[in-house]
Amino acid sequence: MTRRLLIEGGTVIGAASGRADMLVEDGIIRAIESKISAEDAERVDATGMIVAPGFVDTHRHLWQTGIRGVAADWSLVEYIRFIRLGFATAYRPEDVRIANEAGALEALDAGITTIADFCHIIRTPEHAEAGWDGLVSSGIRGQFHLGFYDVPTVPPYYRDHEARVIHARDFLRDKGGSGLVTGGVALTETNLIPMEHTADEIRVARDLDLPITMHMGTLSTPDAVARLHKAGLLGPRMLHVHCNASGDDELGLIADSGGAISITPETELQMGMGYPVTNRALAVGLAPTIGIDIVSDYSGDMFAQMRLLLQTARAIDNQKILDQRRMPPSIDLKVADAFRFATINGAEAMGLGSRIGSIDVGKQADFILVRQDGIHHMPRTPDTTASLVLQARPGDVDSVFVEGQARKRHGTLVGVDLERIRKSAQASSDYLLSAFEDAMQCTGSAATRSTYNAEVSRATSA
Ligand SMILES: [Zn+2]
């Protein structure tokens, strides 16, 4: 039997912008019209609310939900030292499971309906299973990018490159790709391994027709794009993250290869990675997307990141004119651009642009309802997109739907035992914090550790 949902009286942001009703049938948007009558449909009153596509987060390490906030004052060098070579070495499979579940629920709660999870905490095959399970149990739409990165202290059987490749291929083939969560691969940073190993990692994804994502163009991987290009490994379905230290020519190579880019403004601004490449990416024809990256540092909502990204890019544009001792007469980058970065651009970068990322007839019903009755919305901003991007807060997200299924209604997550999540997440965090000192003493995977230390000292002394 067809399940029909009628969202009534909201202000839709999309092709048919303005006050409208929206009819959803079996998870697909079937109609957007000023008035729809559908007697047998379940009714959702959206009066006074914005109806927007769910946000798309193109880069998140959900596993770091378990160590929320520890990196508040850290640079990238400290992050590498204390998390990649520290906390990461203490993670058990159960820590990954609860972090992925809690982190994805946090995302849903804040209106993010699709997430690219970069899971580079795969110390054992059990960690991979746990990460996948956690993501699936949240009910979010996601890509689980299995990380090849060799976390220090993994048991010897899993340290071997060949074993990692075999496991990744088997794991991703077995999981298939039909439900809300599908697979992908997250490459090891290219400076940590030989190029032929990078080629092996990429081959796993291409053999299985899966997407690829990787950290690119920070000071520890400054010429990664050029090196991949030289090795003949650049291509479509590759989501390049950060790229702050990549040259304009390298951004052009990404565009020419059909790749996409994920910008994570808050980590990049804080941690000494350089200015977000938004302006430079636009100049070469790339469509910026936004990643939240880590809640081990800051909050997991898209509202803050849209604002940081937009205003930083505006500041960069403005500075060029200020440097000529002139005042900028106008602003080129608009709130509608930031909104696109956080929705349809992200969907397209993840290969999902034909199915999600906008409110359009024929697309999956991944949408959010955003309240506008708080004191911070009085009086109402006339431009709905401006209201969503620059005035709204995560707490305004009243309802969240994924494929027409309610994940949040009236401000509360649906079908979620929050007390269980809270207890499990806290117990995991207590363990990880207590294990930190020991983890920092670990001597396992000396090769990885010394490579990183060499990179860190090079980057900090150059
Ligand atoms: Zn990252």
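Reading the values: the criteria
Residues numbered from 1 in each chain as written. Predicted model: local features only at pLDDT ≥ 70, side-chain atom pairs only at ≥ 80, totals over all residues. Heavy atoms only, no water. Buried < 20%, exposed > 50% of the residue type's maximum accessible area, 1.4 Å probe, protein only. Helix = DSSP H or I, 4+ residues; strand = E, 2+ residues; numbered from the N terminus. Contact = heavy atoms within 4.5 Å. Pairing = 2+ DSSP bridges. Domains from an automatic or database assignment. Buried area = accessible area lost by both parts, 1.4 Å probe. Donors = N, O, S within 2.8 Å, 3.2 Å for Na, K, Ca; no water. Tetrahedral: all angles 85-135°; square planar, octahedral: opposite > 155°, others 65-115°.

Draft legend 1. Quick peek at helix H7 (residues 248–257). Along H7, the residues classified as buried are Glu250, Leu251, Gly252, Ile254 and Ser257. Next to the buried residues of H7 lie helix H6 (224–230), strand S11 (238–242), strand S12 (260–263) and helix H9 (278–283). Within two residues after H7, Gly258 carries a phi angle of roughly 85 degrees, on the positive side.

Draft legend 2. Region of the structure containing the pairing of strand S15 (residues 397–402). Counting buried positions along S15 yields six of six residues, so the element is predominantly enclosed. Sheet topology note: the S15/strand S16 (residues 405–409) ladder contains three bridges and is antiparallel. Paired with Phe401 across the two strands is Ala406, which belongs to S16. Hairpin connection between S15 and S16: a loop of two residues separates the two successive antiparallel strands, and Glu403 in this loop has a positive phi of roughly 50 degrees.

Draft legend 3. Region of the structure containing the domain arrangement of the protein. On domain assignment, one finds that the protein holds domain 1 (4–53 + 364–413) and domain 2 (55–349). Computed over C-alpha atoms only, the centres of domain 1 and domain 2 are separated by 29 Å. Across the contact, 22 residues belong to domain 1 and 23 residues belong to domain 2. Interface of domain 1 and domain 2: buried area, both sides summed, is about 1,900 Å²; carbon and sulfur atoms make up 71% of it.

Draft legend 4. Layout of the coordination of the zinc ion. The zinc ion binds to the protein through His59 (NE2), His61 (NE2), His215 (NE2) and Asp293 (OD), with metal-donor distances spanning 2.1 to 2.7 Å. Because the angles between the four donor atoms bound to the zinc ion fall within 83 to 177 degrees, the donor set is best described as irregular. Coordination of the zinc ion draws on donor residues from a single chain, spaced H-x1-H-x153-H-x77-D in sequence. On the basis of relative accessibility, which here comes to 2%, the residue His61 falls in the buried class.

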